[in-house]
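# Overview (structure and organization)
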Amino acid sequence: IALSIMAIALCMTQTARAVGTSAGTVITNQASADYTISGTPFTVNSGIVSTTVDEMLDVSVVWQDAGNVTVVSGAVNQVLTFSVTNIGNGSDTYTLSIDNALAGDDFNPANGRIYIDDGDNIYNAGDTLYSGPADDPTLAADGAVTVFLVNDIPAALADGLLGDSQLTADSNTGGSGTPGTIYANTGDGGVDAVDGTSGGNDDAAGTYIIANTIVSVVKSQVITDPFGGTSSVPGATIQYTLDISVTGSGTAAGVVIADAIPANTTYTPATLTLNAGALTDVVDGDAGDVGGTTAGTVTVSLGAMTSANTYQIIFKVIIN
């Protein structure tokens, strides 16, 4: 009996990973055939076929700030926060660059610098000023680093104007920008490297917004316990004081202060004041209420404010 055995590719279920199968992994496959001749069982195996997984070059750059970063005209060292993540399947090193001359915004941030975070995700003196190839971050597969763009803001800009700053990360292994581009023998362990979906590079822009008029709210507390001391025991009273002011030359319209009554406390009725004047707790003709506008919240409407206005709000709660 003549029997021809062919190697066949088997579809195998694998555990999903964010970066896929690691570069350099060897995938092998072998088929077998079982049969009988005159009642005697036989098994024959195909040859073994194998392939080594190439390195896919993929990177993601994401702006991390929750929204537009508020700045004042002429401010220096204003920070935008980004993450750079290696979403490929091997280790890679990245060239970083900043671009402030972007179309579609209102002004160009100035004196742009790149800082690489020291691991605490907070811009501070421990971060590394990126100055060239020696500072290129190396990231393992699925590794990430926080990067800060630090810019100065031009003077004499009007409120509401927007300025963008863009971070780009380019793979040092490849990064042609064309998915599928092959770089022979340059990947981990000498395998080929291939530009992935991102083309081996990615970018993201963050945005500054000019707000020369800024409302400041400073909150403080004083605790009085039932024994005449200051211990924060059940039954003690906490007096909260909010001092509200404005800096800058413009007008902040429709200023509304909202302060939720803390959990495990109870508001003390008729203790809400504005600039030492009593406010009722219900929604009526005065500026404040407790729980009427928003449940469980002290709300005081101050209206338009300039640097000439200052307000102080006081109320009390009791620790349950």
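Reading the values: the criteria
Residues numbered from 1 in each chain as written. Predicted model: local features only at pLDDT ≥ 70, side-chain atom pairs only at ≥ 80, totals over all residues. Heavy atoms only, no water. Helix = DSSP H or I, 4+ residues; strand = E, 2+ residues; numbered from the N terminus. Rg over C-alpha atoms; globule rule 2.2 N^0.38 Å. Buried < 20%, exposed > 50% of the residue type's maximum accessible area, 1.4 Å probe, protein only. Areas by Shrake-Rupley, 256 points an atom, 1.4 Å probe, with all protein chains shown as cover. Phe/Tyr/Trp six-rings, centres within 6.5 Å; stacked < 30°, edge-to-face > 60°. Lys NZ or Arg CZ within 6 Å of the ring centre and 35° of its normal. Pairing = 2+ DSSP bridges. Axes fitted to C-alpha atoms, helices over the stretch in contact; angles between N-to-C directions. Contact = heavy atoms within 4.5 Å.

This part is about the overall build of the protein chain. When helices and strands are counted, the protein chain shows 0 helices and 26 strands. Taken over the C-alpha trace, the protein chain has a radius of gyration of 32 Å; the compact-globule value for 320 residues is 20 Å, which it surpasses by more than 25%. For the protein chain, the spread of C-alpha atoms along the three principal axes comes to 105 × 55 × 35 Å. Put simply, the protein chain has 320 residues, and 38% of those count as buried. Entry remark: accessible area of the protein chain is about 16,500 Å², with carbon and sulfur atoms responsible for 54%.

Before going further, it helps to spend a moment on the packing of aromatic side chains. For the structure shown, the criterion picks out 5 aromatic pairs. Measuring from centroid to centroid gives 5.7 Å for Tyr123 and Phe148, while their planes differ by 65°, and the two rings are edge-to-face. A residue pair is termed long-range when its members are at least 10 positions apart, and Tyr123 in the loop between strand E10 (110-116) and strand E11 (128-129) and Phe148 in strand E13 (residues 144-152) qualify at 25 residues. Between the aromatic rings of Tyr240 and Phe315, the centroid separation amounts to 5.5 Å while the plane-to-plane angle is 50°, which identifies the pairing as tilted. You can see Tyr240 sitting in strand E19 (residues 237-247) and its partner Phe315 sitting in strand E26 (residues 310-319), a full 75 residues away along the chain. Neither Tyr240 nor Phe315 differs from the other in exposure class; each is buried. Members of the aromatic cluster, connected to one another through ring pairs, are Tyr115, Tyr123 and Phe148. It is Lys219 that lies over the ring of Tyr240; its NZ or CZ is 4.3 Å from the centre.

A separate point is unusual backbone geometry. In the Ramachandran plot, Asn111 falls in the positive-phi region, its phi being about 55° despite a non-glycine side chain. Considering the arrangement of structural elements, one finds Asn111 in strand E10. One non-glycine residue, Ala270, adopts positive backbone phi at about 65°.

Before going further, it helps to examine the sheet that holds strand E25 (residues 297-305). Judged by pairing direction, the sheet is antiparallel, and its 3 strands sit side by side in the order E20-E25-E24 without closing on themselves. Looking along the sheet, the strands with just one partner apiece sit at the ends: strand E20 (252-260) and strand E24 (288-290). On average, each strand axis in the sheet is tilted by 15° relative to the strand beside it, whichever way the strands run. Examined bridge by bridge, E20 and E25 share 7 bridges and lie antiparallel to one another.

To continue, consider the environment of Lys316. Here Lys316 is to be found in strand E26. Distance from Lys316 to Gly47, taken between C-alpha atoms, is 82 Å for residues 269 residues apart in sequence. Filtering out sequence-adjacent residues up to four positions away, Lys316 remains in contact with Thr237, Ile238, Gln239, Tyr267, Thr268 and Thr271.

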